[in-house]
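# Structure at a glance
Single-letter residue listing:
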Amino acid sequence: MRKFRGFLNRFAAIFMVFAGFAVSANDGDIYLSAGAMVDVTTGEIVNNPALVIRDGRIVAMSTTDSLEAPTGSRIVALDDHTLTPGLMDMHVHLSGDAGGSFFAGLSYSAPRQAIVAVKNARKTLMAGFTTVRDVGAAGYSVIAVRDGINAGDIIGPRIFAVGNAIGITGGHCDNNFFPPEMQASSGGAADGPWDVRAKVRENIKYGANAIKVCATGGVFSKGTKVGVQQLTLEELKAAVAEAHLRGLTIAAHAHGTDGIKAAIVAGVDSIEHASFADDEAINLAKEFGTYFSMDIYNTEYTLAFGEANGVPEENINKEKQVSKAQRDSFRRAVEAGVKMVFGSDAAIYPHGDNAKQLSRMVQFGMTPLQALQAATINSATLIKMENEIGTLQEGFIADIIAVKGNPLDDITAMETVDFVMKSGEIVKSAP
């Protein structure tokens, strides 16, 4: 139905252009023009684009020479800017902050985490990220923030939230920082295939619209070896089967090679981090069509500021193990043609700085267009919204941002976003 509607919109716009007519006016229409626009599908630069936005969607597109503003529409002219689709980050933790004491967040209640997430959701949106996937927050705090955004109570990006990340007792996604007498445990701790299935069902019960499992140890947990597999293949298969049965995508935190391979074979939709991916793991990802989401920027923040922020020596040492290996794995995965999405792990470094990773993706093997595609059309396909968002075309949701300069010449242009529109609503106006 959406494709048919898009066809009708294209046909109508083409007919009106050739007939010399403007698009008919509706109350609330926005006529948006700019100096240039990036077509992230083809890599072409469109000069002097013009778009008509109505009811949250793009209803007509052409150039300023051939598409007139509907009578009574709001005119937004960004003559010295370049338009791109809203960016997407497939790995954030909105309820966490990089600055301040490392241990402070461990004492936060779910309501306190939700307040932090409200703050960070706004920062993320203002940085040009109109869609994110939050891959783990306690107490369903980010699900509450997502629902508040959807209700119009607060502003923020479109959120896919996993609820509690699921992993073994004592593993990366459990809470190992407190003594036994405190009986601290994460909401996602699970052991055995049926227990893992139950946790997936519990997350869905309380509103999760994506699922995440922890297949290996991690950098910012206590007492886990970063490359060692934790969930078994049987447990991973159970999580995947339950998530897919309910129509949700599933991500797997996996640094180590064995965990990466097991998660891919189990059928996960994306591998998070993929730090020690060997050639076999890379080939498996290609064979299964699995996406890699690799956070290759945040290591710089951790190694520069981690000690001052109170990050324990154990965790900083694990970051040092991961850093170079992950960037090498990223380069080899790009060269091999693995499907890649943009995932920053924001919270490990400050929210709002997400786009700084784009330059590292270029530095370590991508073209600027590939980096933009990872943060737009590839991410949209991963979350099954490729017919709604990810590109600028008629019939699609109007998630649009504007920067100065040509990001295909200098990808760092994406680090300063002057204009943000989400679902047809202008949330940040250009100065």
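Only a predicted model underlies this, so the values are computations on that prediction, with no experimental measurement involved.

### A look at the nonpolar core
Note that soluble globular proteins tend to have their nonpolar side chains buried in a common cluster. Counting 82 residues, the largest nonpolar core has Ile 211, Ile 271, Phe 292, Phe 330, Met 340, Leu 358 and Met 361 as its most contacted members. Once residues within four sequence positions are removed from consideration, Ile 271 is found in contact with Ala 252, Ala 254, Ile 260, Ala 263, Ile 264, Thr 290, Tyr 291, Phe 292 and Ser 293.

### Things to note about the pairing of strand β14 (residues 400-403)
Burial along β14 is two-sided: the face carrying Ile 400 and Ala 402 and the face carrying Ile 401 and Val 403 are both buried. Sheet topology places strand β5 (residues 74-85) next to β14; four bridges connect them, and they run antiparallel. In the sheet register, Thr 82 faces β14, and the bridge partner there is Val 403. For β14 and strand β15 (residues 419-422), the ladder comprises three bridges, and the chain directions are antiparallel. Along β15, the bridge assignment pairs Ala 402 with Phe 419.

### Comments concerning empty space enclosed by the protein
All chains considered together, the criterion is met by one cavity of 30 Å³ or more. Size it by volume and the largest cavity reaches roughly 40 Å³. If you go around the largest cavity, the residues you meet are Pro 85, Gly 86, Met 88, Thr 130, Thr 131, Arg 158, Ile 389, Gly 390, Thr 391, Ile 397 and Asp 399.

### With respect to the sheet that holds strand β8 (residues 158-161)
One open sheet holds the three strands; their spatial order is β6-β7-β8, and the pairing between them is parallel. The sheet terminates laterally at β6 (87-92) and β8, the two strands that pair on one side only. Neighbour-to-neighbour, the strand axes of this sheet turn through a mean angle of 15 degrees, independent of strand direction. Of the strand pairs in this sheet, strand β7 (residues 129-134) and β8 are connected by four bridges, and their pairing is parallel. Pairing of Arg 133 across the sheet is with Phe 160, part of β8. Packing against the sheet, helix α3 (residues 141-150) makes contact with β7 and β8, and its axis sits at approximately 150 degrees to β8.

### Quick word on the sheet that holds strand β12 (residues 291-293)
Strand order in the open sheet formed by five strands is β9-β10-β11-β12-β13, with parallel pairing between adjacent strands. Each of the sheet's edge strands pairs with one partner strand only, and the pair in question is β9 (211-214) and β13 (340-341). Bridging between β12 and β13 involves two bridges; their strand directions are parallel. Bridge pairing in β13 links Phe 292 to Met 340.

### A word on the pattern of salt bridges
This structure, assessed with the given rule, holds 18 salt bridges. Linking Arg 332 and Asp 279 is a salt bridge whose minimum nitrogen-to-oxygen distance equals 3.0 Å. A residue pair is termed long-range when its members are at least 10 positions apart, and Arg 332 in helix α9 (residues 313-336) and Asp 279 in helix α7 (residues 279-288) qualify at 53 residues. Judged by its relative accessible area of 51%, Asp 279 is exposed. Among the salt bridges present, the one from Arg 332 reaches Asp 328, with a minimum N-O distance of 3.2 Å. With Arg 332 and Asp 328 both in helix α9, this residue pair falls four residues apart, about one helical turn. Within the structure, one salt-bridge network assembled from shared partners comprises Arg 197, Arg 201 and Glu 242.

### Structural notes on unusual backbone geometry
In this model, Ala 274 sits at a positive phi of 50 degrees, which is unusual for a non-glycine residue. Along the chain, Ala 274 turns up in the loop between β11 (270-273) and α7. Judged by relative accessible area, which is 0%, Ala 274 ranks as buried. Phi at Ser 423 is positive, roughly 50 degrees, even though this residue is not glycine. On the accessibility criterion, Ser 423 (33% relative accessible area) is partly exposed.

Basis of the calculations
- Residues numbered from 1 in each chain as written.
- Predicted model: local features only at pLDDT ≥ 70, side-chain atom pairs only at ≥ 80, totals over all residues.
- Heavy atoms only, no water.
- Core = buried A, V, L, I, M, F, W, Y, C linked by side-chain atoms within 4.5 Å.
- Buried < 20%, exposed > 50% of the residue type's maximum accessible area, 1.4 Å probe, protein only.
- Contact = heavy atoms within 4.5 Å.
- Helix = DSSP H or I, 4+ residues; strand = E, 2+ residues; numbered from the N terminus.
- Pairing = 2+ DSSP bridges.
- 1 Å grid on protein atoms, 1.4 Å probe; cavity = no way out; pocket = protein on both sides within 12 Å on 5 of 7 lines; lining within 4 Å.
- Points joined across faces, edges and corners; volume = space filled by probe spheres on them.
- Axes fitted to C-alpha atoms, helices over the stretch in contact; angles between N-to-C directions.
- Salt bridge = Lys/Arg side-chain N within 4 Å of Asp/Glu carboxyl O.

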